[in-house]
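# Architecture at a glance
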Amino acid sequence: MWHHKPVINEELLQSLPNLKIVASSGAGIDHLDLNLLSRYGVKVSNTPFIVSTDTADLGIALMLASSRRLVEGYQMAISPDTEYFPANWLGAEVSGATLGIIGMGTIGYKVAERAKAFEMKILYHNRKQRNQEEERAVGATYCKKLDDLLQQADFVMLAVKLTPQTQRLIGKRELQLMKSTATLINISRGLVVDQDALVEALQNKVITAAALDVTYPEPLPRDHPLLKLKNVIITPHIGSATIKTRHLMKENMTESIQAGLAGLPIPYEVL
């Protein structure tokens, strides 16, 4: 499977009686019905670790681009109507600011490692607290309650898996808890955010900005209000989109397929 295609449903499984393994690209498995696949005796693999470095890099890139208003600045710089650059056109500081990471798995932790270089104060919320050695290594403080993180962070970065528990994790209430100067960054899945609530929050200046690598659906309808807001940056789900990583993903998928067909332990099996 590449970019969630083909769709794995019961009709397809019935048409493929000899199917032994589905190798899916990327880390997310929310597009797969694991119970259905298990009933048909089909094993599943993904590529969870390969994508983490590039996705963390993109999270930092979105934070920088949004805070310094790079897209708006580029448009101003190349516009045929620009006659001068206004002196009061300002962005927000990243160095020394507070970053709240929601989801401190492999990707979230790599984000924290990068944010440390910007001397950021790092807060995180996760199902389980990291051990003290890992926290000290990046200078991260655990927030058991999500609300505590939202109220303190200048930048809130979503790096959680999409599950029934995380769907619409960030809605109207959560956005209202954030600082009016805060920016929301999503590198996880579009459905983690209530997009209608986000549009309302951005239009009414409940928060300052959003930077999204993921939306729901993808791409958004061309008339979607998020596409019309100047305080939003949207990229086309490119967290893992580098040449080296895409090659490594395909190599991982191939290894899993070969192992699955040979009846050997699958190196990247989803259990």
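Note that this is a predicted model, so its numbers are computed, not measured.

## What to know about the overall build of the protein chain
From N to C terminus, the protein chain includes ten helices and nine strands. Relative to the compact-globule value of 18 Å for 271 residues, the protein chain shows a C-alpha radius of gyration of 20 Å, a close match. Across its three principal directions, the C-alpha atoms of the protein chain cover 65 × 50 × 35 Å. Scored against the burial criterion, the 271 residues of the protein chain give a buried share of 44%. Carbon together with sulfur atoms contributes 53% to the accessible area of the protein chain, which is approximately 15,100 Å² in total. The centroid of the 29 positive side-chain charges in the protein chain is displaced by 3 Å from the centroid of its 28 negative side-chain charges.

## Things to note about the UniProt feature "domain: D-isomer specific 2-hydroxyacid dehydrogenase catalytic" (unreviewed entry) in the protein chain
Feature annotation in UniProt assigns "domain: D-isomer specific 2-hydroxyacid dehydrogenase catalytic" (unreviewed entry) to the following positions: residues 2–270. Helix makes up 36% of residues 2–270 and strand 13%, with an end-to-end C-alpha separation of 16 Å.

## Points about the packing of helix α3 (residues 52–67) against helix α5 (residues 106–116)
Packing of α3 against α5 brings their axes to within 8 Å, and their N-to-C directions diverge by 50°. Here α3 is positioned oblique relative to α5, judged by the angle of their axes. Remark: the crossing between α3 and α5 carries right-handed chirality. Where α3 abuts α5, its residues Ser 52, Thr 53, Thr 55, Ala 56, Asp 57 and Ile 60 lie against Thr 106, Ile 107, Lys 110, Val 111, Arg 114 and Ala 115. For the contact of α3 with α5, a count of residues per class yields five nonpolar, four polar and three charged.

## Describing the side chain of Asn 252
When you line up the elements, Asn 252 lands in helix α10 (residues 243–262). Side-chain polar atoms of Asn 252 contact the side chain of Tyr 268, separated by 3.3 Å. Residues contacting Asn 252, with those up to four places away along its chain left out, are Thr 47, Ile 50 and Tyr 268.

## Re the sheet that holds strand β8 (residues 209–212)
Across the sheet, which stays open at both edges, the seven strands sit in the order β5-β4-β3-β6-β7-β8-β9 with parallel pairing between neighbours. Each edge of the sheet is formed by a strand with only one pairing partner; in this case those strands are β5 (140–142) and β9 (232–234). Strand-to-strand, the axes of this sheet are offset by a mean angle of 15°, without reference to chain direction. Of the strand pairs in this sheet, strand β4 (residues 121–125) and β5 are connected by three bridges, and their pairing is parallel.

## A word on the packing of aromatic side chains
Applying the stated criterion across every chain yields a total of one aromatic pair. An angle of 50° between the planes, with centres 5.2 Å apart, marks the rings of Tyr 124 and Tyr 142 as tilted. With a gap of 18 residues between them, Tyr 124 in strand β4 and Tyr 142 in strand β5 connect regions that are remote in the sequence. No difference in accessibility class separates Tyr 124 from Tyr 142, as the two residues are buried. For Lys 250, the ring lying beneath its charged end belongs to Trp 2, and the centroid distance is 5.4 Å.

Reading the values: the criteria
Residues numbered from 1 in each chain as written. Predicted model: local features only at pLDDT ≥ 70, side-chain atom pairs only at ≥ 80, totals over all residues. Heavy atoms only, no water. Helix = DSSP H or I, 4+ residues; strand = E, 2+ residues; numbered from the N terminus. Rg over C-alpha atoms; globule rule 2.2 N^0.38 Å. Buried < 20%, exposed > 50% of the residue type's maximum accessible area, 1.4 Å probe, protein only. Areas by Shrake-Rupley, 256 points an atom, 1.4 Å probe, with all protein chains shown as cover. Lys, Arg positive; Asp, Glu negative; His and termini not counted. Charge placed at Lys NZ, Arg CZ, Asp CG, Glu CD. UniProt positions renumbered as here; feature names shortened; annotations may be inferred. Axes fitted to C-alpha atoms, helices over the stretch in contact; angles between N-to-C directions. Parallel < 35°, antiparallel > 145°, perpendicular 65-115°, else oblique. Left-handed = near helix turned anticlockwise from the far one by under 90°. Contact = heavy atoms within 4.5 Å. Nonpolar A, V, L, I, M, F, W, Y, C, P; charged D, E, K, R; others polar. Polar contact = N/O pair within 3.5 Å; in protein donor to acceptor, adjacent residues only side chain to side chain. Pairing = 2+ DSSP bridges. Phe/Tyr/Trp six-rings, centres within 6.5 Å; stacked < 30°, edge-to-face > 60°. Lys NZ or Arg CZ within 6 Å of the ring centre and 35° of its normal.

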